[in-house]
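Notes for the structure review
Spelled out, the chains give:
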Amino acid sequence: MAADEATLRVTNAQGTLLDTRRVSRTSQVGSTSASLDLPPGLDYRLSASMTGAEGEVMAIGQSAPFAITPNQTTTVPLRLVPILMSVAGTGLDAFAGEGILATEAAIQNPSSVGTDAAGNLYVAVRKISGTYGNVIRKVSPDGRITTVVGLPPGSSEPYQEGDGVPARYTQLLSPSGVAVTPAGDLLISDERYGVTPKSYRILYVPAREGVRFGKEMRAGHGYVIYTSPYAIASVALGEDASVYAAVRNWVVRVDADGTPETVAGIEGQANGGTGEDGPATQSDLKIPDGLALDRHGNLIVSDRSNHRIRMLCRVPGTYYGVPMQAGWIYTIIGLKASSAWQRTSTLFPIVDGKRGLESSLNFPRGVVLDAIGNLYVADSSNNLIRRLSPDGTLVNVAGTGKPTRLGKEVEPLGDGGPSLEATFCFPGGLAIGPLGALYVADSSNNLVRRMRL
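So, a few notes on the structure that sits alongside this text.

Criteria and cut-off values
- Residues numbered from 1 in each chain as written.
- Predicted model: local features only at pLDDT ≥ 70, side-chain atom pairs only at ≥ 80, totals over all residues.
- Heavy atoms only, no water.
- Helix = DSSP H or I, 4+ residues; strand = E, 2+ residues; numbered from the N terminus.
- Rg over C-alpha atoms; globule rule 2.2 N^0.38 Å.
- Buried < 20%, exposed > 50% of the residue type's maximum accessible area, 1.4 Å probe, protein only.
- Contact = heavy atoms within 4.5 Å.
- Areas by Shrake-Rupley, 256 points an atom, 1.4 Å probe, with all protein chains shown as cover.
- Pairing = 2+ DSSP bridges.
- Core = buried A, V, L, I, M, F, W, Y, C linked by side-chain atoms within 4.5 Å.
- 1 Å grid on protein atoms, 1.4 Å probe; cavity = no way out; pocket = protein on both sides within 12 Å on 5 of 7 lines; lining within 4 Å.
- Points joined across faces, edges and corners; volume = space filled by probe spheres on them.
- Nonpolar A, V, L, I, M, F, W, Y, C, P; charged D, E, K, R; others polar.
- Axes fitted to C-alpha atoms, helices over the stretch in contact; angles between N-to-C directions.
- Salt bridge = Lys/Arg side-chain N within 4 Å of Asp/Glu carboxyl O.
- Phe/Tyr/Trp six-rings, centres within 6.5 Å; stacked < 30°, edge-to-face > 60°.
- Lys NZ or Arg CZ within 6 Å of the ring centre and 35° of its normal.

1. Digging into the overall build of the chain
A tally of regular secondary structure across the chain gives zero helices and 37 strands. Whereas a compact globule of 453 residues would reach a radius of gyration of roughly 22 Å, the chain reaches 23 Å, a difference of no more than 12%. Taken along its principal axes, the extent of the C-alpha atoms in the chain is 80 × 50 × 40 Å. A burial count over the chain gives 53% of its 453 residues as buried. For the chain, the proportion of contacts with a sequence separation of at least 24, taken over those separated by at least 6, is 46%. A total accessible area of about 19100 Å² is found for the chain, and carbon and sulfur atoms account for 51% of it.

This is the structure we're talking about:
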C-alpha cells in the first residue's frame, strides 16, 4: 500500500468489523471522503490507519460513536494523527555509540536537526560540560549513527587548530544550530573554542570542492564564514547561496561572497524589545532563535523571548492571513500585549484551531516549512509542536503540553503512539526530510523524534 493511502474500518458496539475502504490523501493536510452503505443502527465507530510502503503504521484515527438513521446521510469526521517515533537516542543524558543503530546510541541535549536530499539526518549535540562531545552526528537512511564534525568523548585523537582543517578534527564548543543543503553541505552555528573575549561563528563544511563565501574550500573540511562577539542561536540556508543567522537580538544575512548585513531587528541592541509590525531593521526582536525561508524569500523568525513568530516580507502579499508590504516585519503567531510575559500561555490558555494572531506561545524555538506552506513551530516551553496553515489557523500536531523527562517525571513518553498523546521536554530544532517526515530535537529528553506529516 502506498504511504498516502489509508484503510477505513467500521465496527459496531461489539467490535465486529462491518466494512472497510481504502482512500487516498491528496496532500499533507488534505481531506478526502468515502461512502459506506450501513444499515440503520446506533453506536457505530469509524477508525483508520495509514501504512507506509514498508508496512509501518504512519498515522491512525478514530471517530466518536455515531448512529445511522433510515433514509438519511450521516457525515462522520475523522482526523488522522501521525505516529511519533524516536529515531535517535536512548533518553540517557550521555554520549555513547558509534556506527550502531541510532536508537541504541545515547545523544546528549540535541539542539538542532537538519536533513539532506539523500535522507541523511544531522544532529547538533551540545554536551553540557567537557572538551569532547560537542559534535555533529549523522544518522544515515539505514538508521546507523556516526560523528561527522568534532570528536566524541574518550577520543585519543587531538583537535587541529586553524581554518580549513578536516571537520572530524574541528573543535566545537556549543553547537546551537545545524542546517544542511540538499547536496549535503553543513552550516553550523557555534561558540569558538579558546577565544577570549568570547566569539561565535558560522562554520561551513562543504560536501564538494569549490569556492564559497570568498574561500577556496575542500570537501569535508570546516571553514569559518562569519564571526560575531554575540551568541548565534541558529542558522538557515538563504536564497542565492546566502546564509541567515539569528544573532543576539537581530538577524544577519551573509551573502555568497561573505558580506554580512543585518536584515531584521536593531543591530547592537543589548536587551531586545517587544517589537511591533514595521520596517524590519527598526522593529525590536528579543533573542531570536529558529529561522526559515519560504519559496518567495520571505524570512520567518522565531522571536523567542517575545513569544511570537515574525515574518520579514520580501514579496508583498497576504501570508497566513496577514497583509504585508516588502521590507516590513509582521507577527504571524502570538498575542499583542504590553509586555512579553503577558503574551505567554501563563495568562492565555492554549486553544486549538484559533488564528495565529489570537494564540499564545511560550518561548518558541525551531521553525520549518513543508512543501505546501504549512509552518511548524516548536512551542518549547509549552512542550508542543504546532502547525500554522496558510490561512492563518494554528493547531497542535504533537504533544500533550505536559513535560516529560525520562527518569525524572511520571508522564509517559508516548513513543510509537499518536503524536497528540506523546510528550516532549523543551523541543528545539525542527527539520523536514525529503520524504515529508518532520524531525524534532527533543532536547531535554535526549532524543530525536519523527512523525510523518
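Having put the structure on the table, let's press on.
2. As for the pairing of strand 18 (residues 221-228)
Of all eight residues in strand 18, seven are buried, a share of seventy percent or more. Direction of pairing for strand 12 (residues 165-166) relative to strand 18: antiparallel, over a ladder of two bridges. The residue of strand 18 that forms the bridge with Val165 is Gly222. Inspection of the sheet shows strand 15 (residues 200-205) paired to strand 18 by five bridges, in the antiparallel sense. Residue pairing across strands places Arg201 opposite Thr227, the latter belonging to strand 18.

3. Brief notes about the nonpolar core
Within the largest apolar cluster, 19 residues are counted, with the highest numbers of intra-cluster contacts made by Ile300, Ile309, Tyr320, Met324, Ile332, Ile333 and Leu375. Mapped by element, the contributors of at least two residues to this core are strand 26 (308-312), strand 28 (322-324), strand 29 (328-333), strand 31 (364-369) and strand 32 (375-379). The element contributing the most residues to this core is strand 29, with three residues. Look past the residues within four positions of Tyr320 in its chain and what remains in contact with it is Ile300, Met311, Ile332, Leu369, Gly373, Leu375, Leu388, Ser389, Pro390, Asp391 and Gly392.

4. Let's talk about empty space enclosed by the protein
Rolled over the atoms, a probe with the dimensions of a water molecule shows which regions are left empty. Enumeration according to the criterion identifies one cavity of 30 Å³ or more in this entry. In this model, the largest cavity occupies a volume close to 40 Å³. In terms of lining, the largest cavity is formed by Glu56, Val57, Met58, Ile83, Met85, Arg450, Met451 and Arg452. When residues of the lining of the largest cavity are traced back to their parent elements, those giving at least two are strand 4 (57-62) and strand 37 (447-452). If you tally residues by element for the lining of the largest cavity, the top one is strand 37, at three residues. Tallied by class, the residues present in the lining of the largest cavity amount to five nonpolar, no polar and three charged.

5. A short note on the sheet that holds strand 12
Spatial strand order, 12-18-15-14-13: five strands in an open sheet with antiparallel pairing. What marks the edges here is a single partner per strand, and that holds for strand 12 and strand 13 (177-180).

6. Structural notes on the side chain of Ser443
In this fold, Ser443 is placed in the loop between strand 36 (437-442) and strand 37. The class of Ser443 is buried, set by a relative accessible area of 5%. Excluding residues that lie within four positions of it along the chain, Ser443 makes contacts with Asn109, Pro110, Ser111, Arg365, Cys425, Phe426, Pro427 and Gly428.

7. Points about the sheet that holds strand 9 (residues 121-125)
Pairing within the open sheet is antiparallel, and its four strands lie in the order 8-9-10-11. Edge positions in the sheet fall to strand 8 (110-115) and strand 11 (145-149), since each of these pairs with one other strand and no more. Each strand axis lies, on average, 30 degrees off the axis of its neighbour in the sheet, ignoring direction. Pairing of strand 9 with strand 10 (residues 135-139) involves five bridges; the strand directions are antiparallel.

8. As for the pairing of strand 4
As judged from the five bridges shared by strand 3 (residues 41-51) and strand 4, these two strands associate in the antiparallel manner. Opposite Ser49, over in strand 4, you have Ile60 as the bridge partner. Bridge count between strand 4 and strand 6 (residues 81-82): two bridges; the pairing is antiparallel. Pairing of Ile60 across the sheet is with Val81, part of strand 6.

9. Section: the pattern of salt bridges
Applying the stated criterion across every chain, the model contains 17 salt bridges. Note that Asp43 and Arg45 form a salt bridge whose closest N and O atoms lie 3.1 Å from each other. Accessibility expressed as a relative area gives 29% for Asp43, which makes it partly exposed. When its relative accessible area of 26% is taken as the criterion, Arg45 is described as partly exposed. Residues Arg208 and Asp185 are paired through a salt bridge, measuring 3.1 Å at the closest nitrogen-oxygen approach. Taken together, the positions of Arg208 in the loop between strand 15 and strand 16 (210-212) and Asp185 in the loop between strand 13 and strand 14 (186-191) put the pair 23 residues apart, joining distant regions of the chain. A cluster of three or more residues bridged by salt bridges with shared partners is formed by Glu98, Arg137 and Arg168.

10. A look at the packing of aromatic side chains
Counted under the stated rule, the structure contains four aromatic pairs. If you follow Arg449 out to its NZ or CZ, it ends over the ring of Phe424, 5.1 Å from the centre.

11. Let's talk about the environment of Ser419
Mapped onto the elements of the fold, Ser419 is located in the loop between strand 34 (393-398) and strand 35 (427-432). Looking at Ser419, the relative accessible area reads 0%, which means it is buried. With 336 residues separating them along the chain, Ser419 and Ile83 place their C-alpha atoms 5.4 Å apart.

12. A short note on unusual backbone geometry
Of note, the phi angle at Asn109 is positive, near 50 degrees, even though the residue is not glycine. Positionally, Asn109 belongs in the loop between strand 7 (84-88) and strand 8. For Ala241, which is not a glycine, the phi torsion comes out positive at approximately 65 degrees. Here Ala241 is to be found in the loop between strand 19 (232-237) and strand 20 (243-247).

13. Points about the environment of Leu18
Checked against the element boundaries, Leu18 lands in strand 2 (residues 17-24). As for Leu18 and Gly401, which are separated by 383 residues in sequence, their C-alpha atoms are 36 Å apart. Non-local contacts of Leu18, meaning those with residues more than four positions away in its chain, are made with Val10, Thr11, Asn12 and Tyr44.

Interpretation in functional terms is not warranted from these geometric data alone.
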